[in-house]
Amino acid sequence: MTAAGPLWRAGERTGPDTLPGSRRARTARTIRTVALALTGATLTGTTLSGCGTAPTDVTTSPAAGRGVVSPSPAHASPSGSAADAASGPRDSKRAASKRDIYAADRPGMLSPVVAGFPSRVYVPNSESDSVDVIDPKTYKVIDHFRTGRLPQHVVPSWDMKRLWVNNNRGNTLTPIDPKTGKPGRPVPVEDPYNLYFSPDGREALVMAERNNELDFRDPRSMRLLHSMPVPCRGINHADFTADGSLFLASCEFSGDLVVIDWRRRKVTKTIALGPASMPQDVKLSPDGTTFYVADMDRGGVWLVDAATFKVIRFMPTGAGAHGLYVSRDSRVLYVSNRGAGSVSVVSFKEQKPIATWPIPGGGSPDMGGLSADGRELWLSGRYHGVVYVFDTVAGKLTHTINVGAGPHGLCVYPQPGRYSLGHTGIFR
């Protein structure tokens, strides 16, 4: 074990990093620094650990074989409750144990809004300024269209009736009609690296990464309502607390997390992870008690208490830990390790990795999502111009599909859920 020393202190901010020149440069730095994460370290006194109706007879995650119990949908309260929010920490944890915020995301539970949409995978090619459309039944590209400059993610709207392509440098959002799979006229939006929606559906939250702002917009017209500067650099990924009141966002370039009261449009807390960190995707645990935050430079995932927003510990997974995806049975978290060329399977119950799925010959698995039935995990191959398809039951790569250059935040659509909170598919 290697002693790393204290890299952050509660309530303090560390100095910002020097902004990397390119994402390729950051990836190279990730690989160089992965030894810290993979060998383990003592961090702030904590030792890093090692490395519709769903069919009742179908297992959609390897954790089932380890006796991990799925939270009961009968007790689910995906949006939380006022009682949970008002109770103390001990009562909140007791209530959380009876809750599964992803209870509406089970296989087959498609909303009537999306039930008639054809199943497609939309792949934004950042370096080709285009989108490839894949038929998941044939694993073939069936359509291709141009977008604005640097498309980063394809995001389902809150009401799930539309998809938005985030054209970061083009300063536009390209709408896609999921009934036809065809694009519409681009809408002007400044610096749309990523896109989220408030739980009540009244506001679109644009992650203006280079501007270091969170922009509040009308979710339909995308008219600007308010720009909120954030005290960090490179805000880009996030998730909401179980009751929907707070928004935990990662700031890639300064190594911070920020807690945002989106109703008051105010940052309430900054969590400094340290200059060696590059936080990426954020995902809340099914019981609503713990945020998981991928850290690309450290090669693993931070666990953050969702009630106190105190860092619990760091968990190594693999070089370039980047995207986070919850299995359809809420038992495991899939972590795409972009530098290691693998996917780690993390048990929510055990809070540790229980399996690793390597890409034969290496690769660069990035962002994506699960198929509607949960049997497949689709991920973009960021630096290889491909899309990877993993069988989540067998735990192995089954298909590699050629697409454009620099594929990034692909969207598998439609997916189960009642409404979308944004990114490539966060549903409640």
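Residues numbered from 1 in each chain as written. Predicted model: local features only at pLDDT ≥ 70, side-chain atom pairs only at ≥ 80, totals over all residues. Heavy atoms only, no water.

**Some details on the overall build of the protein chain**
The cut-off we apply is this: The way it works is that DSSP assigns letters per residue, a run of H or I at least four long becomes a helix, a run of E at least two long becomes a strand, and they are numbered from the N terminus. Accessible area is worked out with a 1.4 Å probe on protein chains only. A residue is then buried under 20% of its type maximum, exposed over 50%, and partly exposed in between. Each accessible area is a Shrake-Rupley estimate made with a 1.4 Å probe; only the visible protein chains count as cover when residues are assessed.
Tallying secondary structure elements over the protein chain gives 3 helices and 34 strands in all. Across the 428 residues that make up the protein chain, the buried fraction comes to 58%. Total accessible area on the protein chain stands at roughly 15700 Å², and carbon and sulfur atoms take up 52% of it.

**Quick notes on empty space enclosed by the protein**
Condition: Only protein atoms enter the 1 Å grid used here, on which a cavity is any set of points holding a 1.4 Å probe that cannot leave and a pocket is any open set flanked by protein within 12 Å on both sides along at least five of seven lines; residues with an atom within 4 Å of a point are listed as lining. Grid points are joined across faces, edges and corners, and a volume is the space filled by probe spheres set on the points. For this scheme, ten residues count as nonpolar: Ala, Val, Leu, Ile, Met, Phe, Trp, Tyr, Cys and Pro. Four count as charged, namely Asp, Glu, Lys and Arg, and the remainder, Gly too, count as polar.
By volume, the largest cavity is sized at about 210 Å³. Contributing to the lining of the largest cavity are 17 residues, with Lys283, Val326, Gln415, Gly425 and Ile426 lying nearest its centre. Of all the elements in the fold, those that place two or more residues in the lining of the largest cavity are strand E24 (321-326), strand E28 (365-370) and strand E34 (426-427). Among the residues forming the lining of the largest cavity, the class breakdown is 7 nonpolar, 7 polar and 3 charged.

**Observations regarding the environment of Leu205**
Rules: Whether two residues touch is decided by their heavy atoms; if any such pair falls within 4.5 Å, the residues are in contact.
Assignment of secondary structure puts Leu205 in strand E13 (residues 204-208). Taking the C-alpha atoms as reference points, Leu205 and Met222, 17 residues apart in sequence, are found 9.7 Å from one another. Excluding residues that lie within four positions of it along the chain, Leu205 makes contacts with Asn194, Leu195, Tyr196, Ser198, Leu214, Asp215, Phe216, Phe240 and Phe247.

**A short note on the nonpolar core**
Spelled out, the test is: The set of buried Ala, Val, Leu, Ile, Met, Phe, Trp, Tyr and Cys residues whose side-chain atoms join them within 4.5 Å is what this entry labels a nonpolar core.
Counting 30 residues, the largest nonpolar core has Leu248, Ile271, Phe291, Tyr292 and Leu333 as the members making the most contacts within it. Broken down by secondary-structure element, the contributors of at least two residues to this core are strand E18 (256-261), strand E20 (279-284), strand E21 (290-295), strand E22 (300-305), strand E23 (311-316), E24 and strand E25 (332-337). Counting 20 residues, the second largest nonpolar core, distinct from the first, contains Ala238, Phe247, Cys251 and Leu421.

**Overview of the environment of Lys310**
Summarising the element assignment, Lys310 is placed in the loop between E22 and E23. Residue classification places Lys310 among the exposed positions, given a relative accessible area of 53%. Sequence-wise, Lys310 and Ile271 are 39 residues apart; in three dimensions their C-alpha atoms are separated by 8.0 Å. Once residues within four sequence positions are removed from consideration, Lys310 is found in contact with Lys269, Leu303, Val304 and Asp305.

**Side note on the packing of aromatic side chains**
Our working definition: Classification of ring pairs uses Phe, Tyr and Trp, with its six-membered ring standing for Trp, and accepts pairs whose centres are within 6.5 Å; under 30 degrees between planes counts as stacked, over 60 as edge-to-face, and the remaining range as tilted.
Tallied over the entire structure, the rule returns 10 aromatic pairs. Aromatic pair Trp302 and Phe314: ring centres 5.0 Å apart, planes at 65°, arrangement edge-to-face. Taken together, the residues span a long stretch of sequence, with Trp302 in strand E22 and Phe314 in strand E23 at a distance of 12 residues. Taken individually, Trp302 and Phe314 each receive the classification buried, so the pair is uniform in this respect.

**As for the confidence of the model for the protein chain**
Where we set the bar: pLDDT expresses how confident the predictor is about each individual residue, on a scale running from 0 to 100.
When pLDDT is averaged along the protein chain, the result is 84; 77% of the residues meet or exceed 70. Within the protein chain, strand E4 (residues 120-125) carries the highest mean pLDDT (99), whereas strand E3 (residues 46-47) carries the lowest (30).

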